[in-house]
Amino acid sequence: MFSSSQFYGAGNYLPKKGGLLPNASWTHGVIYFPSPYSIISREDSVFDFHLVTNQAQADLASSKFSNVVPVGLPYAHAYKNFYDSSYEKDISRLFLSRHSIKGERDDPLKDQISKAKEFECDALCLQGDQFIFLFGTEKDWISSEGIRVFKGASTRDAKSYERIISIFSRTQTLVSDCAGSHPYYAVVCESKFELHYEKFG
């Protein structure tokens, strides 16, 4: 079974010995309303070990689950490996819209490009699976209507964290119409963040 400890290539940062892979869940991203089941999903409850971000999450999740261990965010572990402050900030304004980890989106590409242009962005980041569906697996970015379109993260793509850290490290300002983990991920890569609440549907 593919566990959340393997999402986005996170398994690369776990010890190879000790039975953690694939027998562990790992909490990804920022949790705005913490509860045991928002920290550890019901799908992940089948695993023997549960890796969480910090001691507060561990204390809360331990009320429902055993073997809960605070180890930090997978993104933080990837950041130590891949962040490079010497990257040129060649992406002025990157637009990242609402998305799910499965790549389901309401807006087709033309609408996403229109929104990017509305916010005066020169680039757009699509969820990884949607990018692959539209453009295939051979490229990590394409150009469309004068906008660079980048492949974002996909749960089953082991290079996701490396790619996202590279993109955010090159970005001056991340622009979005939603909250999520991406503002935090971009800011630690020394990007600015701009949120447009009025775009919430």
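The coordinates are above.
Remember, it's a predicted structure, so these values are computed and weren't measured experimentally.

Engineer: I'd love a proper account of the nonpolar core, names of residues and values included.
Structural biologist: By size, the foremost hydrophobic cluster in this structure holds 24 residues, and its most contacted members are Tyr75, Leu94, Tyr161 and Phe168. Broken down by element, this core gets its largest block of residues, five residues, from helix α6 (residues 160-169). Setting aside chain neighbours within four positions, we find tyrosine 161 in contact with Phe7, Tyr8, Ala10, Tyr13, His28, Pro74, Tyr75 and Ala78. Core analysis: the next-biggest nonpolar cluster, separate from the first, contains 13 residues, Phe95, Leu126, Ile147 and Val149 among them.

Engineer: Got a sec to walk through the pairing of strand β7 (residues 147-151)? Specific residues and values, please.
Structural biologist: Of all the five residues making up β7, five are buried; the element is thus mostly covered by neighbouring parts of the structure. By the alternation rule, side chains of β7 split into Ile147, Val149 and Lys151 and Arg148 and Phe150, which are all buried. Where strand β5 (residues 123-126) and β7 come together, four bridges link them in parallel fashion. Across the sheet, residue cysteine 125 finds its bridge partner in β7, namely phenylalanine 150. Inspection of the sheet shows strand β6 (residues 141-144) paired to β7 by four bridges, in the antiparallel sense. By the bridge assignment, isoleucine 142 is partnered in β7 with valine 149. Two successive antiparallel strands, β6 and β7, enclose a turn made up of two residues, where glutamate 145 displays a positive phi of approximately 55 degrees.

Engineer: So what's going on with a nonpolar patch on the surface? Which residues, and what values?
Structural biologist: A cluster of nonpolar residues, Tyr32, Phe33 and Tyr184, forms a patch on the protein surface that exposes about 390 Å² of accessible area. Secondary-structure assignment places tyrosine 32 in the loop between β1 (24-26) and α1 (36-39). By relative accessible area, which is 40% here, tyrosine 32 ends up partly exposed.

Engineer: Provide a residue-level description of the packing of aromatic side chains, including the pertinent values.
Structural biologist: For the coordinates displayed, the defined rule picks out nine aromatic pairs. With a centroid separation of 4.8 Å and 10 degrees between ring planes, the pair formed by tyrosine 79 and tyrosine 83 is classed as stacked. Through pairs of rings, three or more aromatic residues link up here, namely Phe7, Tyr8, Tyr75, Tyr161 and Tyr185. Just above the ring of tyrosine 37 sits the side chain of arginine 42; from NZ or CZ to the centre is 3.9 Å.

Engineer: Lay out the sheet that holds strand β2 (residues 49-52) in plain terms, naming residues and giving numbers.
Structural biologist: The three strands lie next to each other as β1-β2-β3, forming an open sheet whose pairing is parallel. Of all strands in the sheet, those bounded by a partner on one side alone are β1 and β3 (68-70). Each adjacent strand pair in this sheet contributes to an overall mean axis angle of 20 degrees, direction not counted. As judged from the three bridges shared by β2 and β3, these two strands associate in the parallel manner. Note that in β3 the partner of valine 52 across the bridge is proline 70.

Engineer: I'd like to hear about unusual backbone geometry, residue by residue, with values.
Structural biologist: Phi at asparagine 67 takes a positive value of approximately 55 degrees, unusual for a residue other than glycine. Among the secondary structure elements, asparagine 67 is positioned in the loop between α2 (55-61) and β3. A relative accessible area of 44% places asparagine 67 in the partly exposed class. Phi is positive for glutamate 145, which is not a glycine, with a value near 55 degrees. Positionally, glutamate 145 belongs in the loop between β6 and β7. Given the relative accessible area of 45%, glutamate 145 is considered partly exposed.

Engineer: Kindly report on the packing of helix α3 (residues 74-82) against α6, identifying the contributing residues and their values.
Structural biologist: Where α3 contacts α6, the axes come no closer than 9 Å and their chain directions differ by 70 degrees. Looking at the two axes, α3 sits roughly perpendicular to α6. Of the two possible hands of crossing, α3 and α6 adopt the one that is right-handed. Here Pro74, Tyr75, Ala78, Tyr79 and Phe82 of α3 lie close against α6, whose contacting residues are Tyr161, Glu162, Ile164, Ile165 and Phe168. Among the residues making up the contact of α3 with α6, the classes are represented as nine nonpolar, no polar and one charged.

Cut-offs applied
Residues numbered from 1 in each chain as written. Predicted model: local features only at pLDDT ≥ 70, side-chain atom pairs only at ≥ 80, totals over all residues. Heavy atoms only, no water. Core = buried A, V, L, I, M, F, W, Y, C linked by side-chain atoms within 4.5 Å. Buried < 20%, exposed > 50% of the residue type's maximum accessible area, 1.4 Å probe, protein only. Helix = DSSP H or I, 4+ residues; strand = E, 2+ residues; numbered from the N terminus. Contact = heavy atoms within 4.5 Å. Pairing = 2+ DSSP bridges. Patch = residues over 30% accessible without salt bridge, like charges linked within 9 Å, V, L, I, M, F, W, Y side chains within 5 Å. Areas by Shrake-Rupley, 256 points an atom, 1.4 Å probe, with all protein chains shown as cover. Salt bridge = Lys/Arg side-chain N within 4 Å of Asp/Glu carboxyl O. Phe/Tyr/Trp six-rings, centres within 6.5 Å; stacked < 30°, edge-to-face > 60°. Lys NZ or Arg CZ within 6 Å of the ring centre and 35° of its normal. Axes fitted to C-alpha atoms, helices over the stretch in contact; angles between N-to-C directions. Parallel < 35°, antiparallel > 145°, perpendicular 65-115°, else oblique. Left-handed = near helix turned anticlockwise from the far one by under 90°. Nonpolar A, V, L, I, M, F, W, Y, C, P; charged D, E, K, R; others polar.

Interpretation in functional terms is not warranted from these geometric data alone.
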